2 protein chains.
Amino acid sequence: MAQLPEQRLPVELFLDLDRSGPVPLYYQVAQRLEQAIRDETLPAGARLENEVALASRLGLSRPTIRRAIQDLVDQGLLVRRRGIGTQVVHGRVTRNVELTSLYEDLERAGQEPTTTVLDVASATADERVAEALGVPVGSPTLHIRRLRFADGVPLAILDNVLPAAYADLERDDLERHGLYQLLRARGVTMRVAKQRIGARAATAQEADLLDLRRGAAILTMSRTAFDNAGVAVEYGQHCYRPDRYAFEVTLVER
Amino acid sequence: MAQLPEQRLPVELFLDLDRSGPVPLYYQVAQRLEQAIRDETLPAGARLENEVALASRLGLSRPTIRRAIQDLVDQGLLVRRRGIGTQVVHGRVTRNVELTSLYEDLERAGQEPTTTVLDVASATADERVAEALGVPVGSPTLHIRRLRFADGVPLAILDNVLPAAYADLERDDLERHGLYQLLRARGVTMRVAKQRIGARAATAQEADLLDLRRGAAILTMSRTAFDNAGVAVEYGQHCYRPDRYAFEVTLVER
DNA sequence: AAGTGGTCTAGACCACTCA
DNA sequence: GAGTGGTCTAGACCACTTG
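Not measured: the values here are computed from a predicted model.

Analysis parameters
- Residues numbered from 1 in each chain as written.
- Chains lettered and ligands numbered in written order.
- Predicted model: local features only at pLDDT ≥ 70, side-chain atom pairs only at ≥ 80, totals over all residues.
- Heavy atoms only, no water.
- Near = heavy atom within 4 Å.
- Polar contact = N/O pair within 3.5 Å; in protein donor to acceptor, adjacent residues only side chain to side chain.
- Helix = DSSP H or I, 4+ residues; strand = E, 2+ residues; numbered from the N terminus.
- Nonpolar A, V, L, I, M, F, W, Y, C, P; charged D, E, K, R; others polar.
- Contact = heavy atoms within 4.5 Å.
- Buried area = accessible area lost by both parts, 1.4 Å probe.
- Salt bridge = Lys/Arg side-chain N within 4 Å of Asp/Glu carboxyl O.
- Core = buried A, V, L, I, M, F, W, Y, C linked by side-chain atoms within 4.5 Å.
- Buried < 20%, exposed > 50% of the residue type's maximum accessible area, 1.4 Å probe, protein only.
- Pairing = 2+ DSSP bridges.
- Axes fitted to C-alpha atoms, helices over the stretch in contact; angles between N-to-C directions.
- Least-squares fit on C-alpha atoms with pLDDT ≥ 70 in both.
- Parallel < 35°, antiparallel > 145°, perpendicular 65-115°, else oblique.
- Left-handed = near helix turned anticlockwise from the far one by under 90°.
- Phe/Tyr/Trp six-rings, centres within 6.5 Å; stacked < 30°, edge-to-face > 60°.
- Arc of directions from axis to C-beta.
- pLDDT = per-residue confidence, 0-100.

Peer 1: Run through the protein's contact with DNA strand C, naming residues and quoting values.
Peer 2: Around DNA strand C, a shell composed of 24 residues is seen, among which B:R19, B:L25, B:Y26, B:S61 and B:T64 lie nearest. Within 4 Å of the protein, atoms of DNA strand C come from sugar and phosphate in 70% of cases. In this structure, A:R80 approaches DNA strand C through a side-chain N or O atom, which is 3.2 Å from a phosphate oxygen. Within the contact set of DNA strand C, a phosphate oxygen lies 2.7 Å away from a side-chain nitrogen or oxygen of B:Y26. Counting residues per element, the ones that place at least two in the surface near DNA strand C are α3 (62–74), β3 (78–81) and β4 (85–88) of chain A together with α1 (25–38) and α3 (62–74) of chain B. Among the elements that make up the surface near DNA strand C, the one with the highest residue count is α3(B) (4 residues). For the surface near DNA strand C, the residue count by class is 7 nonpolar, 7 polar and 10 charged.

Peer 1: How would you summarise the interface of chain B and chain A if you had to cite specific residues and measurements?
Peer 2: If you look at the interface, chain B gives 51 residues, while chain A gives 51 residues. Roughly 4600 Å² is buried in total at the junction of chain B and chain A, and carbon and sulfur atoms are behind 54% of that figure. Of all residues in chain B, the largest losses of buried area upon contact with chain A belong to B:K194, B:L251 and B:E253, amounting jointly to 15% of the total for that side. At the boundary of chain B with chain A, the tally comes to 8 salt bridges. Close ionic contact of B:E248 with A:R196 constitutes a salt bridge, the shortest N to O distance being 2.6 Å.

Peer 1: Can you tell me about the nonpolar core, naming the residues and giving the values?
Peer 2: If you look at the biggest cluster of nonpolar residues, it comprises 64 residues, and the most contacted ones within it are A:L183 and B:L183. Ignoring anything within four residues of it in the chain, the contact list for B:L183 reads B:L162, B:Y166, B:V188, B:M190 and B:V233.

Peer 1: Let's hear about the sheet that holds strand β8 (residues 190–201) of chain B: which residues, and what values?
Peer 2: With antiparallel pairing, the 7 strands of this open sheet are ordered in space as β11(A)-β8(B)-β9(B)-β10(B)-β7(B)-β6(B)-β5(B). Only two strands of the sheet have a single neighbouring strand rather than two, namely β11 (247–252) of chain A together with β5 (113–124) of chain B. Averaged over neighbouring strand pairs, the angle between their axes works out to 15° when direction is ignored. Here β11(A) runs beside β8(B); their pairing, made up of 6 bridges, is antiparallel. Residue pairing for β8(B): A:L251 is matched across the bridge by B:A193.

Peer 1: Requested: an account of the relation of the copies chain B and chain A, with residues and values cited.
Peer 2: Applying a rotation about an axis and a shift along it to one chain copy brings it onto the other copy. Superposition record for chain B on chain A: RMSD 0.1 Å, screw rotation 180°, translation along axis 0.0 Å. On this basis, the relationship between the two copies can be described by a two-fold rotation axis. Of the C-alpha atoms belonging to chain B, the one lying closest to the rotation axis is found on B:A217, 2.1 Å away. When the interface residues of chain B are mapped onto chain A, 100% of them are again interface residues, pointing to one common binding face.

Peer 1: I'd like a rundown of the packing of helix α1 (residues 25–38) of chain A against α3(A), residues and numbers included.
Peer 2: All names here are of chain A. Interaxial distance between α1 and α3 falls to 8 Å at its minimum, and their mutual angle equals 45°. In this view, α1 runs oblique relative to α3, as classed from their interaxial angle. Handedness of the crossing formed by α1 with α3: right-handed. Judged by residue contacts, L25, Y26, V29, A30, L33, E34 and I37 of α1 engage T64, I65, R67, A68, I69, D71 and L72 from α3. Of the residues belonging to the contact of α1 with α3, the class tally is 10 nonpolar, 1 polar and 3 charged.

Peer 1: Outline the packing of aromatic side chains, listing residues and values.
Peer 2: A ring pair, where both rings are aromatic, is described by two values, the distance of the centres and the angle of the planes. Residues and elements named next belong to chain B. Scanning all chains against the criterion turns up 6 aromatic pairs over all chains. Seen in terms of ring centroids, Y240 and Y245 are 4.7 Å apart; in terms of plane orientation they differ by 15°. Their pairing is stacked. According to the relative accessible area criterion, Y240 is buried, its value standing at 2%. Ring centres of Y240 and F247 lie 5.4 Å apart, and the angle between their planes is 90°; on these two criteria the pair is classed as edge-to-face.

Peer 1: Go over the protein's contact with DNA strand D, please, and point to the residues and values.
Peer 2: Surrounding DNA strand D, one finds 24 residues, the nearest of these being A:R19, A:L25, A:Y26, A:S61 and A:T64. Backbone sugar and phosphate groups make up 70% of those atoms of DNA strand D lying within 4 Å of the protein. Here a sugar or linking oxygen of DNA strand D sits 2.8 Å away from a polar atom, N or O, in the side chain of A:R82. B:N50 is positioned with one of its side-chain polar atoms (N or O) 2.9 Å from a phosphate oxygen of DNA strand D. With 4 residues, the top contributor of residues to the surface near DNA strand D is α3(A).

Peer 1: Explain helix α2 (residues 51–58) of chain B to me, and be specific about the residues and the numbers.
Peer 2: Residues and elements named next belong to chain B. The complete set of buried residues in α2 reads E51, L54, A55 and L58. One side of α2 carries all its buried residues, which in axial view fall inside an arc of 100°. Those residues of α2 that are exposed and angled more than 90 degrees off the buried face are V52 and S56. Each element contacted by the buried residues of α2 is listed here: α3 and β3 (78–81).

Peer 1: How would you summarise the confidence of the model for chain A if you had to cite specific residues and measurements?
Peer 2: Here chain A averages 91 in pLDDT, and 96% of its residues register 70 or above. When the elements of chain A are averaged for pLDDT, strand β1 (residues 6–7) of chain A gives the smallest value, 73, and helix α8 (residues 204–210) of chain A the largest, 97.

Peer 1: Go over the packing of α2(B) against α3(B) with me, naming the residues and quoting the values.
Peer 2: Residues and elements named next belong to chain B. Between α2 and α3, whose axes approach to 9 Å, the crossing angle comes to 115°. Taken together, the axes of α2 and α3 lie roughly perpendicular to each other. Where α2 crosses over α3, the handedness of that crossing is right-handed. From α2, E51, V52, L54, A55 and L58 reach across to α3, where they touch R62, I65, R66 and I69. Of the residues assigned to the contact of α2 with α3, the class counts are 6 nonpolar, no polar and 3 charged.

Peer 1: Report on the sheet that holds strand β11 (residues 247–252) of chain B, specifying residues and quantitative values.
Peer 2: Taken together, 7 strands build an open sheet; the order of strands is β5(A)-β6(A)-β7(A)-β10(A)-β9(A)-β8(A)-β11(B) and the sheet is antiparallel. At either end of the open sheet lies a strand with only one pairing partner, and these are β5 (113–124) of chain A together with β11 of chain B. Each strand of the sheet is rotated relative to its neighbour by a mean of 15°, with strand direction disregarded.

Shown next, in the form of structure tokens:
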């Protein structure tokens, strides 16, 4: 595969770094590099200037530059080889799957998300829920069952269980906003999510809700999300219409 | 949620750090911390000793300790909060989904993977393949179609396309080893993979091969993998029996 | 031999949280 | 105010790749 020559990015790209604001320097650098990759100022295969030179040219220390580059490596945009250099990965640039909710994914994709709340009820944790949330069996919880539409077409059935601390979530709020939005508005920060993605045949009820034939294939995802204290915030079991939704994942070897 | 007291890990855990060998110090530290979490020496919710104290106690610099901790944060095992400290995440500890192949996943799970090669043939890249591999339309490629069994039960149909550089892959090798094993044996290092996971109904042929009813739900995954030069090595389209396979993914907010 | 990224050090100052 | 993680610096030495 053709090895493109080293690319010296114009310093101008980095002239507006803000050293006094709250945004870290490595983040500002990473943003500008990412932009250069996305608009193909740095095309696939291009070799980056070496770290030491780049650092000195931008007036930053090498660790700061390294941190910026590492972030892009972790996103699958760059590849580093010792003794060789840093290059832009070939292949289409995909958005990173961050810890977002379906609602936000749809908004970003320009599809209009709407929600019908099928059920909101207090309940106690059975064994499965207790295991997932890390609470004792029988603990009070809130069960939510929603139907999510994209541009008016039914897309997913969302079953969620939350610890009782969030029992004051209102039906109205859930119709108008995504669950993660509502949680964030109460100061909860989701930090880690463990997901399991599978498939199965739709039940009669699911097929009915999603406007599918009974027994049609559906995509399933179960997830437990944890906040920045490491405590489970939410356990969800979702199923999606596979003709309208898929998961994108980028894996990077560290 | 209960906040467990600070946990001072015994220095003994870290006494056998090897400063002369090729294994980085941060990696050795991360391994020992991970082990302590997995065997619940550090139980869920436990607070770690602060970075500065830990560094001085182990005779390492703070950046080295930070790097070790960061690795575990990226794996979803630890959570950090400024002004508060570092804690072990609640919830079951899951193995990290690394950039592995199905063959290796099965081996690690103790299921015996076997493979039937359905077809191996040279071909030229159509538009879809060209796009995925980043090669011109019409480029020579190698198509491979395999049926993968776990403990003798059909599990997945694996369709793969590779650049012509790997056209010498033998049917025999493919029956006996995983594709990624064979690639690694030729010095290829996979670094980045972009996957798309979905579902659909099985075709008659797929149902036949996987021992399912026609129209049964199957789990699908398409993937492009890139080597450490950022060049596409493999494009795969796989489908799985959903009653015997699912994808596990851990997401971490950076 | 020259050039690259990988690791490690020893500090410094800051922002945030809690009592 | 004391303690925590977050950022940043300016070096150093090493391992690896290429010519």
